[in-house]
Structure formats: structure tokens, C-alpha cells
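Inside the fold
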Amino acid sequence: MDFNFDMDMPMGIDETEALHEATGTMLQLGRGVLQIVELYRELIQPRQAAAEERRRMRRRQKRWWVKTWLTRRVDQGHYDNLMKELELEDPAAFKNFMQMEPAMFQEILQRITPRIEKQDTFWRKALEPGVKLAITICFLATGDSYKSLMYNFRVHTSTICKFIQPVCEAIIAEYSAELVCCPKSPQAWLQVAQGFESKWNLPHCIGAIDGKHIAMKCPKNGGSSFYNYKGFHAIVLRALVDADYKFLALDVGASGSGSDGGIFECTDLKRCMEDGSIGLPPPSPLPGGDRPVGYYIVGDDAFPLKTWLMKPVPSRNLIIEDRIYNYRLSRARRVVENAFGLLTSRFRCLLTTLPQEPDKLESIVLACCILHNLMCTRYPALQNDMLDREDPETHNVVNGPWRESTAALLSLESWMGSHNASHQAR
């Protein structure tokens, strides 16, 4: 048979080429199937196995509803035994254990019980408000871990971690309006200024401001947002303090990575001072003067200089008037350092690295500050022995015992040169 090929006609697909093309298509389909099988093994099967394990765990019965040794809380726990004994036999030891007098503990318990009390159910009895408050105060005062508190009070850590923050929030809600109230009227500010003039010889001063870094563990997905210049993760407690070491205004929760001036710019205190809504008295002459001078707060070198915020003169080429000014300013500014020292010596959890998230940590720090003000109000004489004082003969400032007990105290910008102003002025 003769085959005649016409070169002008289009050539058709050869059977061999069609077979090769079909074979290649089948091989590609086979590879796709293998990839799907591998993807199933990598993704679907582990998920199915995990879901099956979760179902199996849900079906498994618990070994204990409550561990037996936890049920003996009333018989052997600290709250119903040790604390009762100390309250009746040794109130001083009770104060050493809880950092407050028995009467103050009972007062706090009575006032916050409606906020933290839970109802009993058919399954179990609710935890007593007194146990919750005792564990919370012990945690604030000692900084012990939840496991340590579990063995002392016989309450499981899974329960402790759930009521620490609500108890702190109950303390804040009950006492904040009463104990941390920034003055709003000129008469109230004049009383604050009178305290600084009579105790620290600095007229027209209405408060000392500073900040403290509260150390914490790095939050989840926090990165370097809270990492400060001192080398640890922290939030910032900023406070305005009066002459009696009580907090007038608080700002908690700013990131430790922020600058001091940047954090201060975002506070309500700065905004109110700028727009005049804080209610300061009108300017008046200083003692022995005839020109009116406005009222002001004092801070260190980290704060911006304002007409209402005084800071030390830079320590270069100081004349005698500048040294005297720095000395008087430093005396008044030490009040806020002493306040932070008293706060951390009473509530030593602030000297540890706290594991809570920032929002929970804010409640803990605010509760500590409110309890500090409560102690200053109820028992002002008890703190005087711990404070810095002035030697009446040499007029040198003698460090208080709180500095020895809180050697790890970290004051915001504490490494700056202005802290030597009192030494240069002597």
C-alpha cells in the first residue's frame, strides 16, 4: 500500500504521541493523588486523633471531685486555725503575718463581703469571703506563689487564680473614692501645700511625682512592648504623693518601654494641670515675698519643666542659690520615694516578678496602693519609724529602715544625677 503525504495539508496526531500524552496525564494524576494522601496524613489524621483523644478524656471519670486533703481546710488550714490563734493570742504576730491589724482585716472583710460572696449550690459550698480575702492579702504582702498559698490555706491553685483579681477589684471599688481622691477645690489644695511647707519647708508645693517599674513576666505575644531600659518587662506605676506619703493620683498600666516624658504626656494629671480644670488656688506671694507665685508639683530630671512642675537645676556650675533650691526640692521629692518604699515593704509582691497579665496586674497594683493609703489613714504613727528623717543637729537626711528591707526597690529614672542634689547643697 502506498501512502501519499500532502505537505500542504495539516498533519494529524500520531498514535504514539497520543499514547505518550495520555501516559503523562495519568502520571500527573497519580502524583496529585499521592500529594492528597500525604496531605491527609499530615493534617487530617492528627486532627482526628486529637479530637478522638479529647472525646476520650471527656468520657474518662475524674479520680477525685475534691482532693481529700483539701477538704480538711477548716480543721488544718491557716485561715481557721493560725489566723484565729494569732488574732486572739498575739495581734502583733497577726500584723506581721498579714501586714495589717486584725481590726483592719475585719473592716475590709465586712465592707467587701457583698462584692465577693457567692451562693452555695447543690454540688458544693461556696468558698468563704474571709478565706478569699486572707489569701489575697497574704499574696500581696508576701508575694508567695499560688502553690505555696495552696498548701498553707488548702485551696487549690485553680481556685486561687480565679478570685485574686475579683477581690482586688472589690477593694478598689469599695475604697478608691474614699482613699485615692485627688483634690478638686482650692481649699483642698491649700491643705496639701500647707503640709509640704510645714514638714519640708517648700511653700506652694502641692505634691511630689515619680514612677516605679513593676516587674512582670513577658506577656503572651508581647514581644518587647513592655521591656524597659533596666532589662526586664514591666508596667509603670506613676503617682502623685502628698506630704504624708499618701497617694493623691495614680496612673497604672503604661508600658515599661515608654519614655518617662512620653508616659507623663498621656496622663489625666498632665491634661488637667494644662487646662486648669484641677482647681488650683490662684497665685499668691511666697513667705517674705511680694510677687505672686503659682502652685506646683515637684519631680526629677525625667519630667519636663513647666510653670506648674518644678525640677532640679542641672548640676553644673551651680551658684549657692541653685544649690539651696535643689536641696529644698530634693527634700520634698524624697516623699514620693519614701511612699514607694513603704508600699513595697508592706506589699512585697511588688518586689517580685509577677506572672499575671497586664490587665490583672493593674488591679493588683491599684489594690496595694489603696491599702497603703488605708494604713496611712488608720495608723499614721506606725509608718513614721520606717521613713527617712532629718538629723536635727547636722540637718542630714538619715535613711529609713525601709531602704534596707527593700534593697531591690527600682525607682523610675533613679540613676539620674539629680538625686545627688541634697548632698551638694550641704
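Scroll up to find the structure this text is about.
Residues numbered from 1 in each chain as written. Predicted model: local features only at pLDDT ≥ 70, side-chain atom pairs only at ≥ 80, totals over all residues. Heavy atoms only, no water.

**Focus on the packing of aromatic side chains**
Evaluated as defined, the whole model comprises six aromatic pairs. Seen in terms of ring centroids, Phe 264 and Phe 303 are 5.5 Å apart; in terms of plane orientation they differ by 90°. Their pairing is edge-to-face. With Phe 264 in helix H10 (residues 260–265) and Phe 303 in the loop between strand E6 (296–298) and strand E7 (309–310), the pair connects residues that are 39 residues apart, well separated along the chain. Each member of the pair, Phe 264 as well as Phe 303, is classed as buried. For the ring pair Phe 264 and Trp 308, a centre distance of 6.1 Å and an interplane angle of 40° mean the geometry is tilted. Of this pair, Phe 264 sits in helix H10 while Trp 308 sits in the loop between E6 and E7; the two residues are 44 residues apart in sequence, bridging distant segments of the chain. Each member of the pair, Phe 264 together with Trp 308, is buried. An aromatic cluster is built from Phe 264, Phe 303 and Trp 308, whose rings are joined through pairwise contacts. (Phe/Tyr/Trp six-rings, centres within 6.5 Å; stacked < 30°, edge-to-face > 60°. Helix = DSSP H or I, 4+ residues; strand = E, 2+ residues; numbered from the N terminus. Buried < 20%, exposed > 50% of the residue type's maximum accessible area, 1.4 Å probe, protein only.)

**Structural notes on the state of the cysteines**
In the structure shown here, the tally under the stated rule is zero disulfides. Sulfur of Cys 368: no disulfide; nearest cysteine sulfur belongs to Cys 349 and is 4.1 Å away. (Disulfide = S-S within 2.5 Å.)

**Looking at the side chain of Arg 154**
Within the secondary structure layout, Arg 154 lies in the loop between helix H7 (146–153) and helix H8 (157–179). At a separation of 2.9 Å, a polar atom in the side chain of Arg 154 contacts the main-chain carbonyl oxygen of Trp 69. Within polar-contact distance, the side chain of Arg 154 engages the side chain of Gln 76 at 2.7 Å. Non-local contacts of Arg 154, meaning those with residues more than four positions away in its chain, are made with Trp 69, Leu 70, Arg 72, Arg 73, Gln 76, Gly 77 and Leu 149. (Polar contact = N/O pair within 3.5 Å; in protein donor to acceptor, adjacent residues only side chain to side chain. Contact = heavy atoms within 4.5 Å.)

**Observations regarding the nonpolar core**
Counting 95 residues, the largest nonpolar core has Phe 105, Ile 108, Leu 133, Ile 135, Phe 153, Ile 160 and Ile 164 as the members making the most contacts within it. Apart from residues lying up to four places away in sequence, Phe 153 is in contact with Arg 73, Gly 77, His 78, Tyr 79, Met 83, Phe 97, Ala 134, Ile 135 and Cys 138. (Core = buried A, V, L, I, M, F, W, Y, C linked by side-chain atoms within 4.5 Å.)

**Let's talk about helix H9 (residues 186–200)**
End to end, H9 covers 21 Å across 15 residues, agreeing with the expected 21 Å (1.5 Å per residue, within 8%). Among the residues making up H9, those that are buried are Trp 189, Val 192, Ala 193, Gly 195, Phe 196 and Trp 200. Burial along H9 is one-sided: seen end-on, the buried residues are contained in an arc of 150°. Away from the buried face of H9 by more than 90 degrees, exposed residues Gln 187, Gln 191 and Ser 198 are located. The elements touched by buried residues of H9 are strand E1 (205–215), strand E2 (234–241), strand E3 (247–255) and helix H12 (320–346). In the stretch just after H9, Asn 201 is the one whose phi turns positive, near 55°. (Expected span 1.5 Å × (residues − 1). Arc of directions from axis to C-beta.)

**Let's talk about unusual backbone geometry**
Look at Arg 154: it is not a glycine, yet its phi comes out positive at around 60°. The backbone phi angle of Asn 221 is positive, close to 60°, even though this residue is not glycine. Tracing the sequence through the fold places Asn 221 in the loop between E1 and E2.

**Quick notes on the pairing of E3**
When E2 meets E3, the two strands line up antiparallel, connected through seven bridges. By the bridge assignment for E3, Ala 239 is matched with Leu 250. Adjacent in sequence and paired antiparallel, E2 and E3 are bridged by five residues, among which Tyr 245 carries a positive phi angle near 70°. (Pairing = 2+ DSSP bridges.)

**Concerning the packing of helix H5 (residues 102–116) against helix H6 (residues 129–142)**
Orientation of H5 relative to H6, taken along the N-to-C sense of each, is 120°, at an axis distance of 9 Å. As H5 packs across H6, the resulting crossing turns out to be right-handed. On the side of H5, the interface is formed by Phe 105, Ile 108, Leu 109, Ile 112, Thr 113 and Ile 116, while H6 contributes Pro 129, Gly 130, Lys 132, Leu 133 and Ala 134. Its residues assigned to classes, the contact of H5 with H6 shows eight nonpolar, two polar and one charged. (Axes fitted to C-alpha atoms, helices over the stretch in contact; angles between N-to-C directions. Left-handed = near helix turned anticlockwise from the far one by under 90°. Nonpolar A, V, L, I, M, F, W, Y, C, P; charged D, E, K, R; others polar.)

**Overview of the environment of Arg 334**
The residue Arg 334 is located in helix H12 in this model. Looking at Arg 334, the relative accessible area reads 14%, which means it is buried. The spatial distance from the C-alpha of Arg 334 to the C-alpha of Ala 208 is 8.0 Å, given a sequence separation of 126 residues.

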